[in-house]
Amino acid sequence: MTDFPLPDSDAKEISDRLHQRIADRIRDAGGSVSFADYMRWALYEPMLGYYSGGAAKLGKAGDFVTAPELGDLFGRTLARGIAPLLEQTDAQILELGAGTGRLAKTVLSELDALGIRVKAYSILDLSGELRARQQSLLGKESRLQWLSALPDRFSGVVLANEVLDAMPVKLACLKDGGWHERCVACLSGQFCFEDRTASSDFLSQVAESLGGHMDTAGLPDGYLTEIHPYALGFIRSLSAMMGQGKSAAVLVDYGFPAHEYYLPERSAGTLMCHYRHQAHDDPFHLPGLQDITAHVNFTAVAQTAAESGLDVLCYTSQAGFLMASGIMALLPSIAKRDVASILLRQEAVKLLSPAEMGELFKVMILGHGVQPSETLLQVDRSGRL
């Protein structure tokens, strides 16, 4: 990690404090904790964690760039895609993890231009730094409000762009034909992995995540993968909030269906870290100053949603969703050679290309009492889950 930019002294002090706090908790727990506990503390520990602290996350000064931050094309197209859903609900939007606020600004502007009036736009974000940026960008428009927790009931459209991937995961390692839990220990002040025999609760979580893919016969010894108890718990909470009214949740994230997630060749799992626009695989580097993510198992999400009372209304690639939602109508003619037109087409390539975000990112729409547009249904891949 010596080739990474060094943090300033204030950031390093925060990371050191978080490192010590986690080390103390590991000691108090008897010497090791689940990776999900470590990831939760590293990302969400109050005032110190990556998302709950004050460091910049997005843009050139941060660690990564999401689709809404590339420009307005993603947000404008998303607005067109959710317009039919809003018209079937109470015309409210709840955005989870709203980044800089650019997506909210773009979606509201595009819906206004389409003549679709959103009654209320609520934002739930655990990052104090991002909430401040959102409020600075969005101002004091009366339709906007910030929440500290999910509401008890909600009828409208929930937006969650790159939310599930940041939820803590547990690590499962296949050894001698059986599953073990890969945990986090602290030796001589340094974090390290430690495998322990899987508990019955952990094996139940493995079964829930892997579903019908529990057969380990084709998997190599040492095979490592992620288990997603927090993401699946979130889906249950989402279902309880949405109740039985007319509502939909649009989840945009990178991931796979289970039959692609648990391929033998994906033997090191999907865990990834992002620090200063560099991707790497060391979750113990500067805790609190880097993002830690894992790909989403969309099959497990769909199964949990169905068990909780939600319908899978659509599942497709990001490219499929954006094309079906009318992105091409927002692009300038290829004959236009001015800088703005060229940049907009370049943005579209990043969003649509299979080599960029188009295929790795998926869009899943959950809900009940509403129906996506016919064009979206034509690109639905839910049968592949």
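Residues numbered from 1 in each chain as written. Predicted model: local features only at pLDDT ≥ 70, side-chain atom pairs only at ≥ 80, totals over all residues. Heavy atoms only, no water.

**So, the overall build of the chain**
Of regular secondary structure, the chain possesses 13 helices and 16 strands. A compact globule built from 385 residues should have a C-alpha radius of gyration of about 21 Å, and the chain, at 21 Å, falls within 12% of that. Projecting the C-alpha coordinates of the chain onto the three principal axes gives extents of approximately 60 × 50 × 45 Å. Residue burial in the chain is summarised as follows: out of 385 residues, 56% are buried. By sequence separation, contacts in the chain at least 24 residues apart represent 77% of the contacts at least 6 residues apart. (Helix = DSSP H or I, 4+ residues; strand = E, 2+ residues; numbered from the N terminus. Rg over C-alpha atoms; globule rule 2.2 N^0.38 Å. Buried < 20%, exposed > 50% of the residue type's maximum accessible area, 1.4 Å probe, protein only. Contact = heavy atoms within 4.5 Å.)

**Thoughts on the pairing of strand E5 (residues 157-161)**
Within E5, 5 of the 5 residues are buried, leaving the element largely enclosed by the surrounding structure. In E5, alternate side chains face the same way, and those of Val157, Leu159 and Asn161 on one face and Val158 and Ala160 on the other are all buried. Where strand E2 (residues 92-96) meets E5, 4 bridges bridge the pair, whose relative direction is parallel. Across the sheet, Glu95 pairs through a bridge with Leu159, a residue of E5. For E5 and strand E10 (residues 247-256), the ladder comprises 5 bridges, and the chain directions are parallel. (Pairing = 2+ DSSP bridges.)

**With respect to the packing of aromatic side chains**
Per the counting criterion, the structure on display carries 12 aromatic pairs. When the centroid spacing of 5.5 Å and the interplanar angle of 50° are considered together, the rings of Phe298 and Tyr315 count as tilted. Taken together, the residues Phe298 in helix H10 (residues 298-307) and Tyr315 in strand E15 (residues 311-317) connect sequence positions 17 residues apart. By relative accessible area, Phe298 is classed as buried at 0%. Residue Tyr315 is classed as buried on the basis of its relative accessible area of 2%. (Phe/Tyr/Trp six-rings, centres within 6.5 Å; stacked < 30°, edge-to-face > 60°.)

**Some remarks on the layout of surface pockets**
Empty space within the largest pocket amounts to approximately 1200 Å³. Taken together, 50 residues form the lining of the largest pocket, with Tyr51, Glu162, Val163, Asp165 and Ala166 sitting closest to its centre. Listed by contribution, the elements that provide at least two residues to the lining of the largest pocket are helix H2 (35-44), helix H3 (67-70), E2, helix H8 (229-242), strand E11 (272-275), strand E12 (278-280) and strand E13 (291-293). At 3 residues, the largest contribution of residues to the lining of the largest pocket is made by H3. Along the lines of polarity and charge, the residues of the lining of the largest pocket split into 28 nonpolar, 11 polar and 11 charged. (1 Å grid on protein atoms, 1.4 Å probe; cavity = no way out; pocket = protein on both sides within 12 Å on 5 of 7 lines; lining within 4 Å. Points joined across faces, edges and corners; volume = space filled by probe spheres on them. Nonpolar A, V, L, I, M, F, W, Y, C, P; charged D, E, K, R; others polar.)

**Concerning the packing of H8 against H10**
Orientation of H8 relative to H10, taken along the N-to-C sense of each, is 35°, at an axis distance of 9 Å. The two elements H8 and H10 meet at a crossing, and its hand is right-handed. Contacts between H8 and H10 involve Leu232, Ile235 and Arg236 from the former and Ala300, Val301, Thr304 and Ala305 from the latter. A per-class count over the contact of H8 with H10 returns 5 nonpolar, 1 polar and 1 charged. (Axes fitted to C-alpha atoms, helices over the stretch in contact; angles between N-to-C directions. Left-handed = near helix turned anticlockwise from the far one by under 90°.)

**Concerning the nonpolar core**
Val250 and Ile365 are the most contacted members of the largest nonpolar core, which totals 47 residues. If you tally residues by element for this core, the top one is helix H4 (residues 73-86), at 8 residues. Not counting the four nearest positions on each side in its chain, Ile365 is found in contact with Leu85, Ala248, Ala249, Val250, Asp311, Val312, Leu313, Cys314, Phe321 and Leu376. With 29 residues, the next largest nonpolar core counts Leu94, Leu147, Val163 and Ala249 among its residues. (Core = buried A, V, L, I, M, F, W, Y, C linked by side-chain atoms within 4.5 Å.)

**Describing the sheet that holds E11**
Here we have 3 strands laid out as an open sheet, ordered E12-E11-E13, and antiparallel in their pairing. The sheet is open, and its two edges are formed by E12 and E13, each paired on a single side. Neighbouring strand axes in the sheet, compared pairwise and without regard to direction, differ in orientation by 25° on average. Direction of pairing for E11 relative to E12: antiparallel, over a ladder of 3 bridges. Note on E12: the bridge partner recorded for Cys273 is His280.

**A look at the side chain of Glu347**
Along the chain, Glu347 turns up in helix H12 (residues 339-352). Summary of buried charges: Glu347 has no salt-bridge partner, and the nearest side chain of opposite charge, Arg102, is 6.3 Å away. (Lys, Arg positive; Asp, Glu negative; His and termini not counted. Salt bridge = Lys/Arg side-chain N within 4 Å of Asp/Glu carboxyl O.)

**Topic: helix H7 (residues 200-210)**
Inspection of H7 places Phe202, Gln205, Val206, Ser209 and Leu210 among the buried residues, and these make up the whole buried set. Down the axis, H7 shows its buried residues gathered within 120° of arc, on one side only. In H7, the exposed positions angled more than 90 degrees off the buried face are occupied by Ser200 and Asp201. Buried residues along H7 sit in contact with strand E6 (170-175), strand E7 (178-187), strand E9 (224-227), H8, strand E14 (296-297) and H10. At the exit of H7 stands Gly211, carrying a positive phi of roughly 55°. (Arc of directions from axis to C-beta.)

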